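Chain and residue survey
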Amino acid sequence: MSEFTATVTVRLKRGVLDPEAETTKQALERLGFDLSALRSADRFEIDLEATDADEAAERADEMAERLLANPTIHDYDVAVTEK
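Parameters at a glance
Residues numbered from 1 in each chain as written. Predicted model: local features only at pLDDT ≥ 70, side-chain atom pairs only at ≥ 80, totals over all residues. Heavy atoms only, no water. UniProt positions renumbered as here; feature names shortened; annotations may be inferred. Pairing = 2+ DSSP bridges. Helix = DSSP H or I, 4+ residues; strand = E, 2+ residues; numbered from the N terminus. Axes fitted to C-alpha atoms, helices over the stretch in contact; angles between N-to-C directions. Contact = heavy atoms within 4.5 Å. Buried < 20%, exposed > 50% of the residue type's maximum accessible area, 1.4 Å probe, protein only. Polar contact = N/O pair within 3.5 Å; in protein donor to acceptor, adjacent residues only side chain to side chain.

Labelled according to an unreviewed UniProt entry, the protein chain appears under the name Phosphoribosylformylglycinamidine synthase subunit PurS, originating from Halorubrum tibetense. Here is the UniProt Pathway (unreviewed entry) comment for the protein chain, exactly as written: "Purine metabolism; IMP biosynthesis via de novo pathway; 5-amino-1-(5-phospho-D-ribosyl)imidazole from N(2)-formyl-N(1)-(5-phospho-D-ribosyl)glycinamide: step 1/2."

See the structure below:
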């Protein structure tokens, strides 16, 4: 078994209302920044033991599907690095 860190990034799907991102976008524009869109995201870093990176990714994907993300309104990405 090896130690891995799985990073799961969860964000709302395009078209789903994101009031936090809209408020932040408006504040950035008031500060003079020009941007066309902004989306907020949550990031979870999970330390776990697995036989290989593929197994760690599969386990993190299951965690995202079952708890960390709501597949109806969220998209998510999983990235795995060995510790």
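From this point, things continue past the structure.
Describing the sheet that holds strand 2 (residues 41-50)
Picture the strands of a sheet paired through backbone hydrogen bonds; they go either parallel or antiparallel. Reading across from one edge, 2-1-3 is the order of the three strands in this open sheet, with antiparallel pairing throughout. The outermost strands of the open sheet, each flanked by one partner alone, are strand 2 and strand 3 (74-82). Here the strands of the sheet are splayed against their neighbours by 20° on average, with no regard to which way each runs. Bridging between strand 1 (residues 2-12) and strand 2 involves ten bridges; their strand directions are antiparallel. Paired with Thr-9 across the two strands is Arg-43, which belongs to strand 2. The strands touched by helix 2 (residues 53-68) within the sheet are strand 1, strand 2 and strand 3, with strand 2 carrying the most contacts at an inclination of about 135°.

With respect to the side chain of Thr-5
With respect to the helices, strands and loops of the structure, Thr-5 is situated in strand 1. Residue class for Thr-5 comes out buried when judged on its relative accessible area of 13%. Within the local environment of Thr-5, its side chain forms a polar contact with the side chain of Asp-47, the two groups lying 2.8 Å apart. Setting aside its immediate chain neighbours within four residues, Thr-5 contacts Glu-45, Ile-46, Asp-47, Ala-79, Val-80, Thr-81 and Lys-83.

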